[in-house]
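Here is how the chains run, residue by residue.
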Amino acid sequence: MKSLLNHDKINQFSAIIHKAELILIVPHVNPDGDAIGACLALKGVLDNMGKASRVIVPNEFPEFLQWMKGSDVVIDYEKNEKEAAALFEKADTLFCLDFNDFGRGEGMKGYLKKFQGTRVLVDHHPNPSVNCSLVFSHPEISSTCELLFMIFEEAELKRFADKDVAEAIFTGMMTDTGNFSYNASNPGTYHIISCLLEMGIDKDKVHSNVYHTFSESRWRLVGHSLKEKMVILHQYRTGYISLSKKELDRFDFQPGDTEGLVNYPLMVKGIVFCALFLEKDDEIKVSLRSKGNFPANKFSEKHFEGGGHMNAAGGSSKLTLDETVAKFEGLLNEYKTDLLNSF
């Protein structure tokens, strides 16, 4: 299979790792399965090489991802800012995984911008805007975990990847493709899955760890969302769910409890575009999903200061929750032709 990666960049990647004395690994704020999986996979390889490394996350990550090896030593910046700051001062190398803008580091963005050592970006989101010594940016690849595994293979570092690393890679690939239901049509994706199976992963166990360990309150939140809050606009082939902070508090919301919730309206027959609106302390978080050729990322970029992939994007709004939902509904007529003709 022909490589998508630049040979000189692969050599540079290897050289940076071998030279580094202390490597920091960071994902985006509200890290998901792909972000955490990539961070822990890279840390696992570095550990097996005898390299010193630490993972620092901008904020807490979901409990259903905390079974992976290395998750117990991840540093939460929000809870341990002094420890994180000291590591940013001491480290000589920084790996930015699964984000393309330092702003996605939230409270850590200042440390990311002023870091004096070598910075490396590995990401699959379009249009990176970060200043890094080495950039692997491949939006055509389904997940950062898939891209990272490709780099391991070509940099001849796969020999340092054990079963725990393989499970972290599989977790990222699985979660960022909706259990391989979208953005997963490249044969190379399944070549990597085959390699991971040969490395000994139990894919059913990984699936169970991620999807079958939700709390009772999380499922009651899902039930409330579907019964009371899901709106279907058949005339626009669009659906959405909106949740206020009061509702989230009522169901004891924890990080990750709304993971995948945005996809439910998309399961309704005929629906090709959907949104999830979550009220936070100072903004509305907007998640968008689409089917076929309707560009969720372009919609987000234009109207909600966001972006992402064609069929999976995110953004935010400074309006109230009701105003944000009204804005969204008001925009749909402008896109009616595209929505009706999406395939």
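A brief report on the enclosed structure follows. (Residues numbered from 1 in each chain as written. Predicted model: local features only at pLDDT ≥ 70, side-chain atom pairs only at ≥ 80, totals over all residues. Heavy atoms only, no water.)

Interhelical geometry of helix α6 (residues 163-176) versus helix α7 (residues 187-198) gives an angle of 150 degrees and a closest axis separation of 10 Å. Between α6 and α7, the angle is such that the two are roughly antiparallel. The interaxial crossing formed by α6 with α7 has left-handed handedness. Counting all contacts with α6, which are made through A166, I169, F170 and M173, the residues of α7 involved are T189, I192, I193 and L196. For the contact of α6 with α7, the class distribution of residues is seven nonpolar, one polar and no charged. (Axes fitted to C-alpha atoms, helices over the stretch in contact; angles between N-to-C directions. Helix = DSSP H or I, 4+ residues; strand = E, 2+ residues; numbered from the N terminus. Parallel < 35°, antiparallel > 145°, perpendicular 65-115°, else oblique. Left-handed = near helix turned anticlockwise from the far one by under 90°. Contact = heavy atoms within 4.5 Å. Nonpolar A, V, L, I, M, F, W, Y, C, P; charged D, E, K, R; others polar.)

Across its 14 residues, α6 extends 20 Å between first and last C-alpha, which sits within 8% of the 20 Å expected from 1.5 Å per residue. Taken across its 14 residues, α6 has twelve buried, putting it largely inside the fold. Of the residues making up α6, those classed as buried are V165, A166, E167, A168, I169, F170, T171, G172, M173, M174, T175 and D176. In this fold, the buried residues of α6 make contact with α2 (33-49), α5 (144-154), α7 and α8 (203-211). At the N-terminal boundary of α6, the capping side chain belongs to D162, with an oxygen 3.2 Å from the backbone nitrogen of D164. Once α6 finishes, G178 follows within two positions and takes phi at roughly 60 degrees, a positive value. (Expected span 1.5 Å × (residues − 1). Buried < 20%, exposed > 50% of the residue type's maximum accessible area, 1.4 Å probe, protein only. Polar contact = N/O pair within 3.5 Å; in protein donor to acceptor, adjacent residues only side chain to side chain.)

By the burial criterion, the buried members of helix α11 (residues 296-303) are A296, N297, F299, S300 and H303. Buried positions in α11, seen along its axis, are confined to an arc of 160 degrees and lie on one side of it. Each element contacted by the buried residues of α11 is listed here: β9 (273-279), β10 (284-290), β11 (307-308), β12 (312-317) and α12 (321-332). The first or second residue beyond α11 is E305, which carries a positive phi of 50 degrees. (Arc of directions from axis to C-beta.)

Overall, parallel pairing links the six strands, which are arranged β3-β2-β1-β4-β5-β6 in an open sheet. Two strands lie at the open edges of the sheet, namely β3 (75-76) and β6 (134-137), each paired on one side alone. Direction of pairing for strand β1 (residues 22-26) relative to strand β2 (residues 52-57): parallel, over a ladder of four bridges. Its bridge partner being in β2, I23 is matched across the sheet by S53. Its contacts with the sheet put helix α1 (residues 7-19) on β4 (93-97), β5 (118-123) and β6, and the angle it makes with β6 is roughly 125 degrees. Running at roughly 120 degrees to β5, α5 makes contact with β5 and β6 of the sheet. (Pairing = 2+ DSSP bridges.)

Between side chains of opposite charge, pairing is possible as soon as their charged atoms come close. Counted according to the given criterion, the structure contains 13 salt bridges. Residues participating in the shared-partner salt-bridge network are K245, D249 and D281. (Salt bridge = Lys/Arg side-chain N within 4 Å of Asp/Glu carboxyl O.)

Here we take up the pairing of β9. Counting buried positions along β9 yields six of seven residues, so the element is predominantly enclosed. With six bridges connecting them, strand β8 (residues 238-243) and β9 associate as parallel partners. Residue pairing across strands places T238 opposite F273, the latter belonging to β9. The turn joining β9 and β10, which pair antiparallel and follow one another in sequence, is formed by four residues.

Strand order across the open sheet formed by six strands is β7-β8-β9-β10-β12-β11, with mixed pairing between neighbours. Two strands bound the open sheet, and with one partner strand each, they are β7 (230-233) and β11. In the sheet, β10 pairs with β12 via six bridges, with the strands oriented antiparallel. In the sheet register, K285 faces β12, and the bridge partner there is S316. Its contacts with the sheet put helix α9 (residues 216-229) on β7 and β8, and the angle it makes with β8 is roughly 125 degrees.

What follows concerns the state of the cysteines. Applying the stated rule across the entire model yields zero disulfides. In this structure C96 is a free cysteine whose sulfur lies 4.8 Å from that of C132, the closest cysteine sulfur available. The class for C96 is buried, based on a relative accessible area of 1%. Left unpaired, C145 is separated from the closest cysteine sulfur, that of C39, by 8.6 Å. (Disulfide = S-S within 2.5 Å.)

Under the defined criterion, the tally for this structure stands at 19 aromatic pairs. Aromatic rings pair up to connect Y240, F273, F277, F294, F299, F304, F328 and Y335 into one cluster. Its end group placed over the ring of W219, R218 keeps NZ or CZ at 4.8 Å from the ring centre. The ring of F304 has K327 lying over it, and the distance from NZ or CZ to the ring centre is 4.7 Å. (Phe/Tyr/Trp six-rings, centres within 6.5 Å; stacked < 30°, edge-to-face > 60°. Lys NZ or Arg CZ within 6 Å of the ring centre and 35° of its normal.)

Another point: unusual backbone geometry. Phi is positive for D98, close to 70 degrees, though the residue is something other than glycine. Its place among the elements puts D98 in the loop between β4 and α4 (109-114). Positive phi outside glycine occurs at F180, with the angle close to 65 degrees.

Everything listed is a geometric property; what it means functionally is a separate question.
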